[in-house]
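Architecture and fold: a report
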Amino acid sequence: DPVQFHTASNDENLVQGAVIGMLLIMVIYNLFVYFSTRDINYLYYVGFIASYLLFHLTLTGYSFAYLWPNAVHWNSLAISTFAASAAVFTCLFTDSFLKLRSFSRPASYLVRGMMVCSAIMLVLSFVLPYALSIRIVVAIALPITATALIMGYWRWWRGARFARFYCLTWTAILLGLAVLNASKVGWIPTNIWTVNASQIGIVLLVILLSF
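Residues numbered from 1 in each chain as written. Predicted model: local features only at pLDDT ≥ 70, side-chain atom pairs only at ≥ 80, totals over all residues. Heavy atoms only, no water.

What about the overall build of the protein chain?
Stated formally: Secondary structure elements are defined from DSSP: runs of H or I of at least 4 residues count as helices, runs of E of at least 2 residues count as strands, and each element is numbered from the N terminus. The globule rule is 2.2 Å times the number of residues to the power 0.38, and the radius of gyration it is compared with is taken over C-alpha atoms. For each residue, the accessible area found with a 1.4 Å probe, counting protein chains only, is set against the maximum for its type, and the residue is called buried under 20%, exposed over 50%, and partly exposed in between. Throughout, a residue-residue contact means that at least one pair of heavy atoms, one from each residue, lies within 4.5 Å. For every accessible area listed, the method is Shrake-Rupley and the probe measures 1.4 Å; residues are considered covered only by the protein chains on display. In this tally, Asp and Glu contribute negative charge and Lys and Arg positive charge; neither His nor the terminal groups of the chain are included. For this purpose, a charge sits on NZ of Lys, CZ of Arg, CG of Asp or CD of Glu.
Looking only at helices and strands, one finds 10 helices and zero strands in the protein chain. In the protein chain, the succession of α and β elements from N to C terminus is α-α-α-α-α-α-α-α-α-α. The globule rule puts the C-alpha radius of gyration for 211 residues at 17 Å, and the 18 Å found for the protein chain is close to it. In terms of its C-alpha atoms, the protein chain occupies a principal-axis envelope of roughly 60 × 40 × 40 Å. Residue burial in the protein chain is summarised as follows: out of 211 residues, 43% are buried. Contacts spanning at least 24 positions in sequence make up 62% of the contacts within the protein chain whose residues lie at least 6 apart. Summed over its atoms, the accessible surface of the protein chain is roughly 11600 Å², and 72% of this surface lies on carbon and sulfur atoms. Distance from the positive charge centre (11 side chains) to the negative charge centre (5 side chains) of the protein chain: 23 Å.

Looking at the packing of aromatic side chains
Selection criterion: Here the aromatic set is Phe, Tyr and Trp, taking the six-membered ring for Trp, and pairing holds for ring centres within 6.5 Å; pairs whose planes are under 30 degrees apart are stacked, those over 60 apart are edge-to-face, and all others are tilted. Charge over a ring is defined by NZ of Lys or CZ of Arg lying within 6 Å of the ring centre and within 35 degrees of the ring normal.
Summed over all chains, the structure comprises 13 aromatic pairs. A ring pair is formed by Trp-74 and Phe-126, whose centres lie 6.1 Å apart and whose planes are at 15°; its orientation type is stacked. A residue pair is termed long-range when its members are at least 10 positions apart, and Trp-74 in helix α4 (residues 72-97) and Phe-126 in the loop between α6 (105-124) and α7 (130-157) qualify at 52 residues. Given the relative accessible area of 43%, Phe-126 is considered partly exposed. Three or more aromatic residues link up through ring pairs in this structure, and these residues are Tyr-45, Phe-93, Phe-97, Phe-162 and Tyr-166. Directly above the ring of Tyr-34 sits Arg-38, whose terminal nitrogen or CZ lies 5.7 Å from the centroid. Above the ring of Phe-162, the side-chain terminus of Lys-99 is found at 4.4 Å from the ring centroid.

Let's talk about unusual backbone geometry
When glycine is set aside, most residues are seen to have a negative phi, and most peptide bonds are trans. Backbone geometry at Arg-38 places phi at a positive 60°, although glycine is not the residue there. By relative accessible area, which is 57% here, Arg-38 ends up exposed.

Section: the pattern of salt bridges
In plain terms, the rule: By convention in these notes, a salt bridge is any Lys or Arg side-chain nitrogen within 4 Å of a carboxyl oxygen on Asp or Glu.
For the structure on display, the rule yields one salt bridge. Note that Arg-112 is salt-bridged to Asp-95, the shortest N-O span being 3.0 Å. Pair noted here: Arg-112 is in helix α6 and Asp-95 is in helix α4, with a separation of 17 residues, a long-range link.

Observations concerning the packing of helix α2 (residues 40-60) against α4
Definition in use: Only the stretch in contact is used when a helix axis is fitted, and all axes are lines through C-alpha atoms; the angle between N-to-C directions ranges over 0 to 180 degrees. Orientation is classified from the angle alone, with under 35 degrees giving roughly parallel, over 145 giving roughly antiparallel, 65 to 115 giving roughly perpendicular, and any other angle giving oblique. Helix crossings get a hand from a simple test, with the near helix turned counterclockwise from the far one by less than a right angle marking a left-handed crossing and a clockwise turn marking a right-handed one. Three residue categories are used. Nonpolar comprises Ala, Val, Leu, Ile, Met, Phe, Trp, Tyr, Cys and Pro, charged comprises Asp, Glu, Lys and Arg, and polar comprises the others, including Gly.
Running from N to C, α2 and α4 point in directions that differ by 155°, and their axes come no closer than 8 Å. Looking at the two axes, α2 sits roughly antiparallel to α4. Considering how the two elements wind past one another, α2 and α4 form a crossing that is left-handed. Class assignment of the residues belonging to the contact of α2 with α4 gives a composition of 17 nonpolar, eight polar and no charged.

Topic: the environment of Ala-178
Among the structural elements, Ala-178 can be located in helix α8 (residues 163-184). Sequence separation between Ala-178 and Val-123 is 55 residues, and the spatial gap between their C-alpha atoms is 30 Å.

A look at the nonpolar core
Note on soluble globular proteins: their nonpolar side chains tend to be buried together. How we decide: To form a nonpolar core, buried Ala, Val, Leu, Ile, Met, Phe, Trp, Tyr and Cys residues must be joined to one another through side-chain atoms within 4.5 Å.
One finds Ile-49, Tyr-166, Trp-170 and Leu-205 to be the most contacted residues of the largest nonpolar core, which totals 49 residues. For this core, the leading source of residues is α4, giving 10 residues.

Structural notes on the packing of α6 against α7
Where α6 meets α7, the axes come as close as 11 Å, and the angle between the chain directions of the two elements is 160°. Looking at the two axes, α6 sits roughly antiparallel to α7. As α6 runs across α7, the sense of the crossing is left-handed. The residues of α7 that touch α6, namely those facing Ala-107, Leu-110, Val-111, Met-114, Cys-117, Ser-118 and Met-121, are Ser-133, Ile-136, Val-137, Ile-140, Pro-143, Ile-144, Thr-147, Met-151 and Trp-154. Class assignment of the residues belonging to the contact of α6 with α7 gives a composition of 13 nonpolar, three polar and no charged.

Right, dumping it as structure tokens:
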């Protein structure tokens, strides 16, 4: 029905505008904090948020509509490129923020190895077919997310109090993805909250990590 469609479209645009606005604010805010403190963690964090923001804009079609409407070929590569970039910065931030190098060399080498794989995939995303590159990026992103969460709880369990916010953030995004998947398979009702659960999770992630 046209009326219901326009209502749903307006609601979706409102939610997406709020998510995009929050992410953009956090990019600018944390970039200023980096320039003030020169703490490399903030630079890695800005790289992650910016990569995810561009990934989200491309996935939802806003970037093709407003940022590069004539770059058809680039738009066909951008999703896997920004996803790989987000994976690279996730690994860099995890290794640096959790101080894995001084805590556990094997854990640090594992995360850095994942970073290298993500960086290679970032380069290959410009030449590989999208159907192949996106599958490889997803295959890389899932173990990276799980490893980041495990490392955080391990550091928290071993007494690193600064890791508690880190753990809450990754738990929030994983819960958001779980709710989204549950709605897709019909286990829970589909509504504006369940459909946008992953966006809610990422907003909680960037806010909590800023704390």
